[in-house]
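Descriptive structure summary
Here are the chains, one letter per residue:
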Amino acid sequence: MTEAVAVQEEKKEAPPRSLWGEAWSRLRKNRFAVMSLAWLSVIGIAAALAPWIVPYDPQHQEWWTGKRPPLYSHATLELIMTFSEGSAPPAPFPSSGTHVIKVKKEEARTRDLRIKVSHDGKVEHIELGPDLDADDPHSESPDVLALASGERIVAGEGEKRVAAAATTVEKGKVLPEPLAGAATGQAVLVAQWRKGERTREVEARVEQGKVASLAVDSKPEKRVEVAADEVLDVALDGSPFVHTHLLGTDDSGRDILSRIIFGGRISLMVGIVATLVSLVIGVAYGALSGYAGGRTDELMMRIVDILYAIPFMFFVIILLVLFGRSLILLFAAIGAVEWLTMARIVRGQVLSLKEKEFIEAARVSGTSTFGIVFGHLVPNSLGTVIVYTTLTIPEVILTEAFLSFLGLSVQYNGQNLESWGSLTKSGMDLALGGFPWLLLWSATALSLTLFALNFLGDGLRDALDPRLRGKG
Amino acid sequence: MLKYILRRLVTAPLVIFLLLVITFTMVRVAPGSPFSSEKATPPEIQERQRAFYHLDKSIPVQFIYYLGNVVRGDLGPSLKYKDLTVNEIISRHWLPSFVLGTTAMALALVMGMTAGILAGLKPNSRWDYSSMTISMVGITLPAFVTGPLLVVVFSLKLGWFRVSGWDANGFSKDIVLPAITLSLPYAARIARLMRAGLLEVVNQDYIRTARAKGLREHVVVLRHALKGALLPVVSFLGPAVAFIITGSLVVETIFQVPGLGRQFTQSALNRDYGLTQGLVVFVGTLLVVLNLVVDVAYGFLDPRIRYD
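All right, on to the overall build of chain B then. If you tally the helices and strands in chain B, you get 11 helices and zero strands. Based on the C-alpha atoms only, the size of chain B along its principal axes is roughly 85 × 55 × 30 Å. Counting only residues that meet the buried cut, chain B has 46% of its 308 residues in that class. Considering only contacts within chain B whose residues lie at least 6 apart along the sequence, 73% involve residues at least 24 apart. When the accessible surface of chain B is totalled, it reaches about 16,100 Å², and 65% of it is carbon and sulfur. A gap of 8 Å separates the mean positions of the 30 positive and 18 negative side-chain charges of chain B.

Structure, rendered in structure tokens:
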């Protein structure tokens, strides 16, 4: 993307009828290419300036405002709010009107859940430990067990929350997603399966800056304490203290817009850097191969042919699994996969260019081989290289997204770096629970960018080489 | 022609050999040992274990042992599922992948060729523009976007299909969404190739001759033009098989299809590199062989092609 912008500026400065000037004026007539350029500029600038322009910290969680649709607004709440009759309402609440706060009230009843998985991966036996809060605690072994959304379970390594959707464990069926991955032929202990949850409603009527009356579930109270992380919903009367989430919030109340912008940062960065890696390798290899010609060329291209046949995607996956999911490794791995086509293209260019008079002139005037290859041949095949670079970036972004989607997102300091791929993955999990927004937005951002890069690449090809117009 | 086939026959084993070298090196160089466990094993037992798996030999000797095993068709043990070998896991899970892959490929061919022919016969018409725009969407949208979107619409909103899962008995309507998701990008590419192929062919002399003979239009199209236009599609089938296999990594994860793709992803995430390595060798070899078959077939189909 940056290259595209750089080229553009270069073109602007050039005299109007130069190769680049002409190409630029042709590109400007291509409506799709211009639209793509506009979108890429917007998303590029947003990604570059992300820390300064995002409305919210993308990591900031407020799960009580989780899973809200676009344009959702909510009040800023203190950690613990105290309402008491006769005194002023706590911070965010305006000094008149009726405020209704829905509060989550947990009845944590923890029960042990033991599931036996047979060798074919099917559930063989379900055992629900005694409910100690019940009048008659006893174990049960139901055939079907419903796990409601939001219930916390501990399975395998660490705590997982049951997927947003309600899931069921059923005898003879495969384990549902949050528990899947447990070894077959073993009993899985799912401890702390929490049951039961209800809400209460705090209603505070405020007159002239003082709390006039207070009720919990319509029962009058003198004083109520509410912890902010238990608030499910707030109805404010004309409150100015609101956060608005333009694209809504995800399951833990993080702002989707901010997460998408930060995700774009990672996706675009990987796209550009890994493409540059492939560019350097591919151009150098292709140019040298083409210039050398003969036996050397034959051998070098045969090596490319062989490498082409190897399913590198698998190696990238193994590499990331074995050696850790670091950014540098990802750049190197993707760059090392993507250079092959670039090498072929540059070689083709160089093969035809090296017979031209200006190369002969350079050779006669005593320019070194290195000088001819990188000072004359490579710059003259720049047009093709730029076109292909624009087309490689979306491929790399897609590869990274693909890896993130499989759960191999890049880590930095032990934290997952969220890209559009991993956002799409969490979006999918949320969508299955009936909340499609994260999926829609991240998929839109990803697809629009991929579209734009492809259209721009096609546009550049047409602009730089009008003979190719309409082909390919 | 013969020279080309011979060269391909020589390169293919070379590619597979390279594949083995890379997987072997990667797994050997990787940090951690398959025998490291939380409980300290007595040194004698560790020694025996290492000897049993030939890990006490030098690296080249180990590689020769490994090569020998692979040649005999033994892909080694899984490290996570202690009582299973990679061969057993493959024999348990190849069928869903195969059924899904072939269905998707068939679907892609039908959809892609129909769209491509419609577009190619009337270039620059509304048909052409709409089918080419749709195919651009198909190429650009990755499976992990189309898959979940299809699930949201057809499973959650309309309730026509299950969200995920796979009927162990083989064919059921569970296959519909994964097969569509998997086939879309290939359908799109095939449509573009078909259109380009047709456009190339319709202006050639033998088509003009066919028309001049007074053949009816559909005969010209179906019997003459299509035959020539099919070649790019055939040559795409080789790489397409590879794409379908990688594509099914994602599709099988989305729809929880118990196939090889899902096994591969799971094994990578579980760091079960015995299984990962075995699957890479299996799938990689399959790919190389299928590519070889397609390339050779292509050489026979188009006598004009000279591979030098």
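Text resumes after the structure shown.
With that settled, the discussion passes to the overall build of chain A. The helix and strand inventory of chain A stands at 13 helices and 16 strands. Residues counted as buried form 47% of the 472 residues belonging to chain A. Long-range pairs, those at least 24 residues apart, make up 72% of the contacts in chain A between residues at least 6 apart in sequence. Of the roughly 22,200 Å² of accessible surface on chain A, a fraction of 57% belongs to carbon and sulfur atoms.

Before going further, it helps to examine the interface of chain B and chain A. Taken together, the contact between chain B and chain A spans 48 residues of the former and 39 residues of the latter. Taken together, both faces of the contact between chain B and chain A bury some 4,100 Å²; the carbon and sulfur share is 82%. Among the residues chain B hides against chain A, the three largest losses belong to M26, T140 and F144 of chain B. Together they make up 16% of the total. Summed over the shared surface of chain B and chain A, the result is zero salt bridges. At the surface where chain B touches chain A, the tally comes to zero residue pairs in polar contact (both at pLDDT 80 or more). When contributions to the side of chain B that touches chain A are tallied by element, the ones reaching two or more residues are α1 (2-29), α5 (126-140), α6 (143-157), α9 (217-255), α10 (260-269) and α11 (273-301) of chain B. At 11 residues, the largest contribution of residues to the side of chain B that touches chain A is made by α1 of chain B. Counted by class, the side of chain B that touches chain A contains 35 nonpolar, nine polar and four charged residues.

Using the criterion set out here, one finds 12 aromatic pairs over all chains in the structure. Summarising the aromatic geometry, the rings of W437 of chain A and W441 of chain A are spaced 6.1 Å apart at their centres and angled 25° between planes, so their arrangement reads as stacked. Residue W437 of chain A and its partner W441 of chain A are both found in helix α13 (residues 437-464); the two are separated by four residues, about one turn of the helix. Residue class for W441 of chain A comes out partly exposed when judged on its relative accessible area of 27%. Between F17 of chain B and F63 of chain B the ring centres are 5.9 Å apart and the planes differ by 80°, which places this aromatic pair in the edge-to-face class.

Residue and element names in this part refer to chain A. With 12 residues, helix α10 (residues 369-380) ought to run about 16 Å at 1.5 Å a step, and its terminal C-alpha atoms sit 15 Å apart, in line with that. Of the positions making up α10, those classed as buried are G371, I372, V373, L377 and V378. The inward-facing, buried residues of α10 contact α5 (256-292), α8 (327-353), α9 (357-364) and α11 (382-405).

For the rest of this paragraph, the subject is the nonpolar core. Core analysis: the biggest nonpolar cluster contains 146 residues, and I317 and F402 of chain A together with F144 of chain B have the highest contact counts within it. Residue contributions to this core peak at 14 residues, all from α9 of chain B. Sequence-distant contacts of F144 of chain B, that is, excluding residues within four places in its chain, are made with L398, A401, F402, F405, T424 and L446 of chain A together with V250 and I254 of chain B. In terms of nonpolar packing, the next biggest core, distinct from the first, is built from 16 residues, V283, V346, L353 and Y388 of chain A among them.

What follows concerns unusual backbone geometry. Its identity is not glycine, yet S218 of chain A carries a phi of approximately 70°, on the positive side. Mapped onto the fold, S218 of chain A is located in the loop between β10 (210-216) and β11 (219-220). Despite not being glycine, Q256 of chain B shows a phi value in the positive range, around 50°.

Before going further, it helps to spend a moment on the pattern of salt bridges. Residue and element names in this part refer to chain A. Taken as a whole, this structure holds 11 salt bridges over all chains when the rule is applied. Of the charged contacts in the structure, one is a salt bridge between D250 and R254, with a shortest N-O distance of 3.1 Å. Across the pair, R254 and D250 agree in class, each one buried. The partner of R302 in a salt bridge is E298, with the nearest N and O atoms 3.2 Å apart.

Let us now look at the packing of helix α7 (residues 312-323) of chain A against α8 of chain A. Pairs of packed helices are described in terms of their axes, by the angle between the two and the distance that separates them. All names here are of chain A. Remark: α7 packs on α8, axes separated minimally by 10 Å, with the N-to-C direction vectors making an angle of 165°. By the criterion of interaxial angle, the relationship of α7 to α8 is roughly antiparallel. The handedness of the crossing between α7 and α8 is right-handed. Of α8, the residues touching α7 (which contributes F312, V316, L319, L320 and F323) are L329, L330, A333 and V337. In the contact of α7 with α8, the residues fall into nine nonpolar, no polar and no charged.

To continue, consider the confidence of the model for chain B. Here chain B averages 79 in pLDDT, and 90% of its residues register 70 or above. As scored by the predictor, the complex reaches a pTM of 0.72 and an ipTM of 0.78.

Right, let's get into the confidence of the model for chain A. Residue and element names in this part refer to chain A. Looking at chain A as a whole, the pLDDT averages 78, with 80% of positions reaching at least 70. Mean pLDDT in chain A bottoms out at strand β7 (residues 159-161), which sits at 45, and peaks at α5, which reaches 91. Contacts of residues 156-165 to residues separated by more than four positions or lying in other chains number 28 contacts, the stretch itself having pLDDT below 50. Per-residue pLDDT stays below 50 along residues 468-472; that stretch engages in seven contacts with residues further than four places along the chain or on separate chains.

Residue and element names in this part refer to chain B. Relative to the helices and strands, Y66 resides in helix α3 (residues 59-71). Residue Y66 is classed as buried on the basis of its relative accessible area, which comes to 13%. C-alpha separation for the pair Y66 and F24, spaced 42 residues apart in sequence, amounts to 8.3 Å. The residues contacting Y66, other than those within four sequence positions of it, are L20, T23, F24, Q277 and V281. In this structure the side chain of Y66 is engaged in a polar contact, spanning 3.4 Å, whose partner is the side chain of Q277.

Our focus in this paragraph is the side chain of T276 of chain B. One can find T276 of chain B in helix α11. Beyond its immediate stretch of four places on either side in the chain, T276 of chain B contacts I318 of chain A together with F264, S267 and A268 of chain B.

Calculation rules
- Residues numbered from 1 in each chain as written.
- Chains lettered and ligands numbered in written order.
- Predicted model: local features only at pLDDT ≥ 70, side-chain atom pairs only at ≥ 80, totals over all residues.
- Heavy atoms only, no water.
- Helix = DSSP H or I, 4+ residues; strand = E, 2+ residues; numbered from the N terminus.
- Buried < 20%, exposed > 50% of the residue type's maximum accessible area, 1.4 Å probe, protein only.
- Contact = heavy atoms within 4.5 Å.
- Areas by Shrake-Rupley, 256 points an atom, 1.4 Å probe, with all protein chains shown as cover.
- Lys, Arg positive; Asp, Glu negative; His and termini not counted.
- Charge placed at Lys NZ, Arg CZ, Asp CG, Glu CD.
- Buried area = accessible area lost by both parts, 1.4 Å probe.
- Salt bridge = Lys/Arg side-chain N within 4 Å of Asp/Glu carboxyl O.
- Polar contact = N/O pair within 3.5 Å; in protein donor to acceptor, adjacent residues only side chain to side chain.
- Nonpolar A, V, L, I, M, F, W, Y, C, P; charged D, E, K, R; others polar.
- Phe/Tyr/Trp six-rings, centres within 6.5 Å; stacked < 30°, edge-to-face > 60°.
- Expected span 1.5 Å × (residues − 1).
- Core = buried A, V, L, I, M, F, W, Y, C linked by side-chain atoms within 4.5 Å.
- Axes fitted to C-alpha atoms, helices over the stretch in contact; angles between N-to-C directions.
- Parallel < 35°, antiparallel > 145°, perpendicular 65-115°, else oblique.
- Left-handed = near helix turned anticlockwise from the far one by under 90°.
- pLDDT = per-residue confidence, 0-100.

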